[in-house]
Amino acid sequence: MQFTFVTVAALFGAAMAAPAPQANETKESVQITEFHARKSHLNGGLTGPVDHIDFNIIASAEAGTMGFVCTASAVEGEDSLKFKPNSYRCNGGDDNHHYSFELNTAVGDDNKFSLMIIHQIAPAFGFWTNVEVPTYCHAGGAETMICQQVADVTANLHL
């Protein structure tokens, strides 16, 4: 079988006409459930450093649905979890394929916690989204506030 210049040009033209993938194309969605946070060292106020967070991620993509548990606690000797760009890895996966989260700087304001959810699928490559988790905070004893999620949050991850 021989290709002529016209055949090759037609094939090349068809390939050029195909739409390119968009950078903000949705690759999967995540649902944040059962979010809990603890604020400590309140010193008589309602706000304080966040020293513990835990929640579930339910990830849905073409390949199916999977669940992950995410948890982070302040390291001994520190009052608070570290903010972005420090990330906390969720359970499951390996070094090149896992979920993690970062706390954005406006954490805990107005009973909402701002998180970046990251799904790493290769070294230095993955999908991400920012989410705000609405919570209700109440006294937890010993100068702490306990914040619990009041509504599930679903977000789409993008490149």
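First, a word on scope: everything that follows refers to the structure included in this document.

Rules behind the numbers
Residues numbered from 1 in each chain as written. Predicted model: local features only at pLDDT ≥ 70, side-chain atom pairs only at ≥ 80, totals over all residues. Heavy atoms only, no water. Phe/Tyr/Trp six-rings, centres within 6.5 Å; stacked < 30°, edge-to-face > 60°. Buried < 20%, exposed > 50% of the residue type's maximum accessible area, 1.4 Å probe, protein only. 1 Å grid on protein atoms, 1.4 Å probe; cavity = no way out; pocket = protein on both sides within 12 Å on 5 of 7 lines; lining within 4 Å. Points joined across faces, edges and corners; volume = space filled by probe spheres on them. Helix = DSSP H or I, 4+ residues; strand = E, 2+ residues; numbered from the N terminus. Nonpolar A, V, L, I, M, F, W, Y, C, P; charged D, E, K, R; others polar.

**Topic: the packing of aromatic side chains**
Applying the stated criterion to the full structure yields six aromatic pairs. For the ring pair F125 and F127, a centre distance of 6.2 Å and an interplane angle of 65° mean the geometry is edge-to-face. On the accessibility criterion, F125 (43% relative accessible area) is partly exposed. Taking relative accessible area as the criterion, F127 reaches 9% and is therefore assigned buried. One aromatic cluster is present, formed by F35, F55, Y88, F101 and F113 through successive ring pairs.

**Topic: the layout of surface pockets**
Its volume calculated, the largest pocket comes out at about 280 Å³. For the largest pocket, the lining is made up of 19 residues, of which E28, A61, A63, Y99 and H119 are closest to its centre. Listed by contribution, the elements that provide at least two residues to the lining of the largest pocket are strand 2 (50-61), strand 3 (64-73) and strand 5 (98-103). With four residues, strand 3 is the largest single contributor of residues to the lining of the largest pocket. Here the lining of the largest pocket is built from residues that sort into seven nonpolar, nine polar and three charged.

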